[in-house]
Amino acid sequence: MGSYNLSHLDQLESEAIYIFREVAAQFEKPVILFSGGKDSITMVHLAQKAFWPAKIPFPLLHIDTGHNFPEAIEFRDNLAKKYGVKLDVGLVQDSINKGTAREEKGVNPSRNTLQSITLLEKLEEGQYDAAFGGGRRDEEKARAKERFFSHRDDFGQWDPKNQRPELWNLYNGLKAPGESFRIFPISNWTEMDVWQYIKKEKIDLPSIYFSHERNVVNRNGVLIAESPYNTLLEGEKYEKQVIRYRTLGCMTITGAVNSDADNLDKIIEEVAAARQTERGNRADDKRSEAAMEDRKKQGYF
């Protein structure tokens, strides 16, 4: 009877907390993949609720490309201290140095595809058998194919045609030696749900999610921030604009949006009127029609 009195956000929260507890029961060494973005921050908040008053029983794992926004790195470190959780950082540069990953060439190189290599190396090094991700089905068509418990083979690869059925809230975490799972507790959430939940729970976020001035260049309709990792093309120049970010990734590929939304109410209003998904301004997703799915098959988040 009581469940019928739950709000929409309460139901989503309850579902996510149930999944966190299921993973704690079924797996030996889970880890929370943490990017510093709003979805992974929301996941950490949910994990705290799931196990309160005990501490979160999983470490955070951040795959650092070396091209991150400074605001996100500072926020990451402060959040780990706030929640008292171990922070495990995998550096893409380390993978490049030892020859398992190769730096892209050209004037607009991205390390985003290299993250998969570093991630798989860190999962193996830490012997993590389940990794929580903040992916949501409304973000992108490849992510819409995910289950809550997403099986990965012993090479860390994802086969969208060979996923297990999930009936009601029954999740099958059985695996052979070397296999693992990616877990997506907020799969059923939308971007609007996340923002409304952040407002309801008063969750802190990196400042770049809110309107601010920044030097950007318009490259094929994507506003890319000035950084040491970008090279201007002929005829390009940086211009100071009032922008914010809807999604958070590397500075080389994450596009900003023009916005004066400097508080949560304005952001929620802006998201409600948006006609493009939050990843619509990600240059890495524009490389091909199946860019995200290809990366996921190789071990991406």
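Values in this document were obtained by computation on a predicted structure and should not be read as measured data. Chains are numbered independently. Their residues run from 1 in the order of the written sequence. This being a predicted model, a pLDDT of at least 70 is required before a residue's local features are given, and a value of 80 or more before pairs of side-chain atoms are given or counted; all residues contribute to the totals for chains, interfaces and linings. The basis for every side-chain value is the complete set of non-hydrogen atoms in the structure, without hydrogens or water.

Enquirer: I keep staring at the pattern of salt bridges and nothing clicks. Help me out?
Expert: Side-chain pairs of opposite charge can arise whenever the charged atoms involved come near each other. The working definition used for a salt bridge is a side-chain nitrogen of Lys or Arg within 4 Å of a carboxyl oxygen of Asp or Glu. The tally for this structure, following the rule as stated, stands at 21 salt bridges. In this structure, E125 engages K122 in a salt bridge whose closest nitrogen and oxygen atoms are separated by 3.1 Å. Placement of the pair is E125 and K122 together in helix α5 (residues 115–126), with a separation of three residues, close to one helical turn. Working definition: with a 1.4 Å probe on protein chains only, accessible area under 20% of the residue-type maximum means buried, over 50% means exposed, and in between means partly exposed. Note on E125: relative accessible area 59%, which makes it exposed. Residue D138 pairs with R136 through a salt bridge whose shortest N-O separation is 2.9 Å. Here D138 falls in the partly exposed class, since its relative accessible area comes to 32%. Among the charged side chains, a salt-bridge network with shared partners connects D10, E13, K49, K200 and E201. Labels follow the DSSP assignment, with helices taken as runs of H or I lasting at least four residues and strands as runs of E lasting at least two, numbered in each case from the N terminus.

Enquirer: Explanation requested: the sheet that holds strand β4 (residues 130–132) in the structure shown.
Expert: Backbone-to-backbone hydrogen bonds pair the strands of a sheet. The strands run either parallel or antiparallel. In this description, strands pair whenever DSSP reports at least two bridges between them. If you walk across this open sheet you meet the six strands as β3-β2-β1-β4-β6-β5, and the pairing is mixed. Unpaired on one side and paired on the other, β3 (87–91) and β5 (149–152) mark the two borders of the sheet. Between one strand and the next, the sheet's axes are offset by a mean angle of 30 degrees, whatever the strand orientation. Two elements, strand β1 (residues 30–33) and β4, share three bridges in a ladder whose sense is parallel. Here an angle of 0 to 180 degrees is reported between the N-to-C directions of two axes, which are lines fitted to C-alpha atoms, with helices fitted over the stretch in contact.

Enquirer: Help me out: how do you make sense of the packing of aromatic side chains in this one?
Expert: The relative placement of two aromatic rings is captured by the distance of their centres and the angle of their planes. In this scheme Phe, Tyr and Trp rings, the latter by its six-membered ring, pair at centre separations within 6.5 Å, and the angle between planes marks the pair as stacked below 30 degrees, edge-to-face above 60, and tilted otherwise. All chains considered together, the criterion is met by 13 aromatic pairs. Between W189 and Y197, the ring centres sit 5.1 Å apart and the planes meet at 85 degrees, which makes this aromatic pair edge-to-face. When its relative accessible area of 1% is taken as the criterion, W189 is described as buried. Geometrically, the ring pair formed by W195 and Y209 is edge-to-face, given 5.7 Å between the ring centres and 80 degrees between the ring planes. Here W195, found in helix α6 (residues 191–201), pairs with Y209, found in the loop between α6 and β7 (212–219); they are 14 residues apart in sequence, far enough to count as distant. Under the relative-accessibility criterion, Y209 is labelled buried at 1%. What links up through ring pairs into an aromatic cluster is the set Y18, F27, F148, F149, Y171 and F181. The positively charged end of R137 is found above the aromatic ring belonging to F148, 5.0 Å away from the centroid. Geometrically, a lysine NZ or arginine CZ counts as sitting over a ring once it is within 6 Å of the ring centre and also within 35 degrees of the ring normal.

Enquirer: Teacher, can you tell me more about the sheet that holds strand β8 (residues 222–225) here?
Expert: Sheet architecture is open: four strands sit in the order β8-β7-β9-β10, paired in antiparallel fashion. Of all strands in the sheet, those with a lone pairing partner are β8 and β10 (257–258), marking the two edges. Note that β7 and strand β9 (residues 239–244) share five bridges and pair antiparallel. Its bridge partner lying in β9, N215 is registered against K240.

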